[in-house]
Amino acid sequence: MNREILNRLKTAGEYQRKAIYALFPEKVGRHLDVIEKELKMMAVEIAADVVKEYRKCEDSEPDDKKEPEVKKVDIV
């Protein structure tokens, strides 16, 4: 994507966040901060687990995908 579009999307996301926070009292906003941080940490943990599982699958290739062993035969 174009950098300008990415910057605009990021700015729009920040405005959405501010709009949602503006709907609630300040005390609730603090709770939303905590919830937001927890969700971010959960997303990072899930991503790490997905990467870990992917690496496990990558390391243990099925037998049919491994190269067959070739035996050298001398023809006389």
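Coordinates for the structure precede this section.
Source: prediction; values computed, not measured.

(A) Spatial organisation of the overall build of the protein chain. If you tally the helices and strands in the protein chain, you get two helices and zero strands. The burial tally for the protein chain puts 3% of its 76 residues in the buried class. On the protein chain, roughly 8,100 Å² of surface is accessible, and the fraction owed to carbon and sulfur atoms is 59%.

(B) Up close: the pattern of salt bridges. Evaluation of the coordinates by the stated rule reveals six salt bridges. Put simply, Glu26 and Arg30 hold a salt bridge, and the shortest N to O gap is 3.9 Å. Residue Glu26 and its partner Arg30 are located together in helix α2 (residues 26–59), separated by four residues, close to a single helical turn. Residue class for Glu26 comes out exposed when judged on its relative accessible area of 65%. Residues joined in a network through salt bridges with shared partners are Arg17, Asp33, Glu36 and Lys40.

(C) Spatial organisation of the packing of aromatic side chains. Taken as a whole and assessed by the stated rule, the structure comprises zero aromatic pairs. The ring of Tyr21 is capped by Arg17, whose NZ or CZ atom sits 4.5 Å from the centre of that ring.

(D) Fine view of a nonpolar patch on the surface. There is a patch of nonpolar side chains on the surface, built from Ile35, Leu39, Met42, Ile46 and Val50 and spanning about 480 Å² of accessible area. Here Met42 shows up in helix α2. By relative accessible area, Met42 is classed as partly exposed at 44%.

Quick notes on the rules
Residues numbered from 1 in each chain as written. Predicted model: local features only at pLDDT ≥ 70, side-chain atom pairs only at ≥ 80, totals over all residues. Heavy atoms only, no water. Helix = DSSP H or I, 4+ residues; strand = E, 2+ residues; numbered from the N terminus. Buried < 20%, exposed > 50% of the residue type's maximum accessible area, 1.4 Å probe, protein only. Areas by Shrake-Rupley, 256 points an atom, 1.4 Å probe, with all protein chains shown as cover. Salt bridge = Lys/Arg side-chain N within 4 Å of Asp/Glu carboxyl O. Phe/Tyr/Trp six-rings, centres within 6.5 Å; stacked < 30°, edge-to-face > 60°. Lys NZ or Arg CZ within 6 Å of the ring centre and 35° of its normal. Patch = residues over 30% accessible without salt bridge, like charges linked within 9 Å, V, L, I, M, F, W, Y side chains within 5 Å.

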